[in-house]
Amino acid sequence: MDPGPQAYGAGKVGGAFNVQNFVRKPHVFVRLLSLLFGLIVYFCASSGSWTTDTKTNEEICMFKLKSFGCHIGGVVGFTSVIGAAVFVGGEYYFENVPSVKSRKHYVLIDLGFSSLWSFWNFLLFCYLSNAWSDTPDFPESISTANPTTAIYFALFAIFSWGASAYFSYQRYQMGVDPAFVSSFEADQFGTYDEAQNNSNHESPFNKQMSGEYQSQAY
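Being a predicted model, the structure only gives us computed values, none of them experimental. (Residues numbered from 1 in each chain as written. Predicted model: local features only at pLDDT ≥ 70, side-chain atom pairs only at ≥ 80, totals over all residues. Heavy atoms only, no water.)

## Remarks on the pattern of salt bridges
No. 1: For the coordinates displayed, the defined rule picks out 4 salt bridges.
No. 2: Notably, a salt bridge pairs glutamate 91 with arginine 171, separated by 2.7 Å at the nearest N-O pair. Linking glutamate 91 in helix H3 (residues 67–94) with arginine 171 in helix H5 (residues 145–174), this pair joins segments that are 80 residues apart in sequence. Of the two residues, glutamate 91 and arginine 171, neither departs from the other in class, the shared state being buried.
No. 3: A cluster of three or more residues bridged by salt bridges with shared partners is formed by Arg31, Glu91, Asp110 and Arg171. (Salt bridge = Lys/Arg side-chain N within 4 Å of Asp/Glu carboxyl O. Helix = DSSP H or I, 4+ residues; strand = E, 2+ residues; numbered from the N terminus. Buried < 20%, exposed > 50% of the residue type's maximum accessible area, 1.4 Å probe, protein only.)

## What to know about the state of the cysteines
No. 1: Tallied over the full model, the rule gives 1 disulfide.
No. 2: Note that cysteine 61 is cross-linked by a disulfide to cysteine 70, the S-S spacing being 2.0 Å. Between cysteine 61 and cysteine 70, the S-S torsion sits near 90°, and that sign places the bridge as right-handed. The same class applies to cysteine 61 as to cysteine 70, namely buried. (Disulfide = S-S within 2.5 Å.)

## Quick look at a nonpolar patch on the surface
No. 1: Where nonpolar side chains cluster on the molecular surface, the patch consists of Leu116, Phe119, Trp120, Phe122 and Leu123 and spans about 450 Å² of accessible area.
No. 2: In this structure, tryptophan 120 sits in helix H4 (residues 100–133). (Patch = residues over 30% accessible without salt bridge, like charges linked within 9 Å, V, L, I, M, F, W, Y side chains within 5 Å. Areas by Shrake-Rupley, 256 points an atom, 1.4 Å probe, with all protein chains shown as cover.)

## Some points on the nonpolar core
No. 1: Counting residues in each nonpolar core, the largest one holds 16 residues, and the members touching the most others are Phe63, Val76, Leu124, Leu128 and Trp161.
No. 2: Going through the elements one at a time, helix H2 (26–47), H3, H4 and H5 are the ones with two or more residues in this core. (Core = buried A, V, L, I, M, F, W, Y, C linked by side-chain atoms within 4.5 Å.)

## Digging into H4
No. 1: In this model, H4 (34 residues) spans 49 Å end to end at C-alpha, consistent with the 50 Å of a helix rising 1.5 Å per residue.
No. 2: Listing the buried residues of H4 in full gives Arg103, Tyr106, Val107, Asp110, Ser114, Trp117, Ser118, Asn121, Leu124, Leu128 and Ala131. (Expected span 1.5 Å × (residues − 1).)

## Side note on the packing of aromatic side chains
No. 1: Counted according to the given criterion, the structure contains 16 aromatic pairs.
No. 2: Geometrically, the ring pair formed by tyrosine 166 and phenylalanine 167 is tilted, given 5.8 Å between the ring centres and 55° between the ring planes.
No. 3: Note on tyrosine 166: relative accessible area 47%, which makes it partly exposed. (Phe/Tyr/Trp six-rings, centres within 6.5 Å; stacked < 30°, edge-to-face > 60°.)

## Digging into unusual backbone geometry
No. 1: At lysine 64, a residue that is not glycine, the phi angle is positive and equals roughly 65°.
No. 2: When you line up the elements, lysine 64 lands in the loop between strand E2 (59–61) and H3.
No. 3: Given a relative accessible area of 34%, lysine 64 falls into the partly exposed group.
No. 4: For leucine 65, which is not glycine, the phi dihedral falls at a positive 60°.
No. 5: Relative to the assigned elements, leucine 65 resides in the loop between E2 and H3.
No. 6: Leucine 65 sits in the partly exposed class, given a relative accessible area of 40%.

## Concerning the UniProt feature "transmembrane region" (unreviewed entry) in the chain
No. 1: Those residues carrying the UniProt feature "transmembrane region" (unreviewed entry) are residues 28–51, 71–94, 106–130 and 150–169 in this numbering.
No. 2: Helix makes up 100% of residues 106–130 and strand makes up 0%, while its end C-alpha atoms are separated by 36 Å.
No. 3: Within residues 150–169, the helical portion is 100% and the strand portion 0%, while the C-alpha atoms at the span's ends are 28 Å from each other. (UniProt positions renumbered as here; feature names shortened; annotations may be inferred.)

## Observations concerning the packing of H3 against H4
No. 1: Between H3 and H4, whose axes approach to 11 Å, the crossing angle comes to 155°. When the interaxial angle is binned, H3 and H4 end up roughly antiparallel. In terms of crossing hand, the pair formed by H3 and H4 is left-handed. Residue-level contacts link Phe68, Gly69, Ile72, Gly73, Val76, Thr79, Ser80, Gly83, Phe87, Gly90, Glu91 and Phe94 of H3 to Arg103, Tyr106, Val107, Ile109, Asp110, Phe113, Trp117, Trp120, Asn121, Leu124, Tyr127 and Leu128 of H4.
No. 2: Its residues assigned to classes, the contact of H3 with H4 comprises 14 nonpolar, 7 polar and 3 charged. (Axes fitted to C-alpha atoms, helices over the stretch in contact; angles between N-to-C directions. Parallel < 35°, antiparallel > 145°, perpendicular 65-115°, else oblique. Left-handed = near helix turned anticlockwise from the far one by under 90°. Contact = heavy atoms within 4.5 Å. Nonpolar A, V, L, I, M, F, W, Y, C, P; charged D, E, K, R; others polar.)

See below:
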């Protein structure tokens with residue numbers, strides 16, 4: 001099926017919205033994955049990776065027994081959730097944006113943020129992996145599932161955000177179909193221009209000249 005003229009991967013304004021088709025879009029699907037991965041990293045790192053020190057009875061972060069690993073994991077995970085949610089909402093409104101410049105700005109922002117957050121998840125994965133390898137063994141009574149889960153899903157988030165950046169780059173490469181601009185202008189201004197031209201071409205004296213000339217008696 002021909003999608004018609006497009007601007008940065010989206011068609012004309014006013015198309016019918018379908019939830020199933022929306023979720024099946026690759027760039028929407030990978031953002032939902034990024035949102036899920038971010039939630040898991042956030043909760044597993046910021047909340048689930050703390051334990052009580054048997055000697056001091058104080059809570060300590062399980063990543064190398066330093067709080068930085070839990071804090072940075074929470075920050076990156078939480079920002080991933082917020083960013084993914086914002087861009088999912090942006091995808092909903094994207095096809096209803098008539099301005100080509102606004103679409104271009106959105107695509108560039110998406111490309112920059114997705115690339116940056118793929119890189120940040122890479123740094124998080126490297127740090128948490130190294131910190132976990134330097135962490136002393138815990139007693140069997142202490143579960144280590146949350147720290148390892150945070151590490152794995154930080155790895156998964158690298159690829160989900162990287163896929164988002166790739167799809168955004170593809171959109172940018174598509175650019176604008178000239179037919180999109182012409183059809184948009186025709187839809188927005190065609191009716192007005194036609195009415196205006198008809199009113200301009202009509203002479204104000206037509207009605208006066210259309211009647212018969214009658215001589216006046218003196």
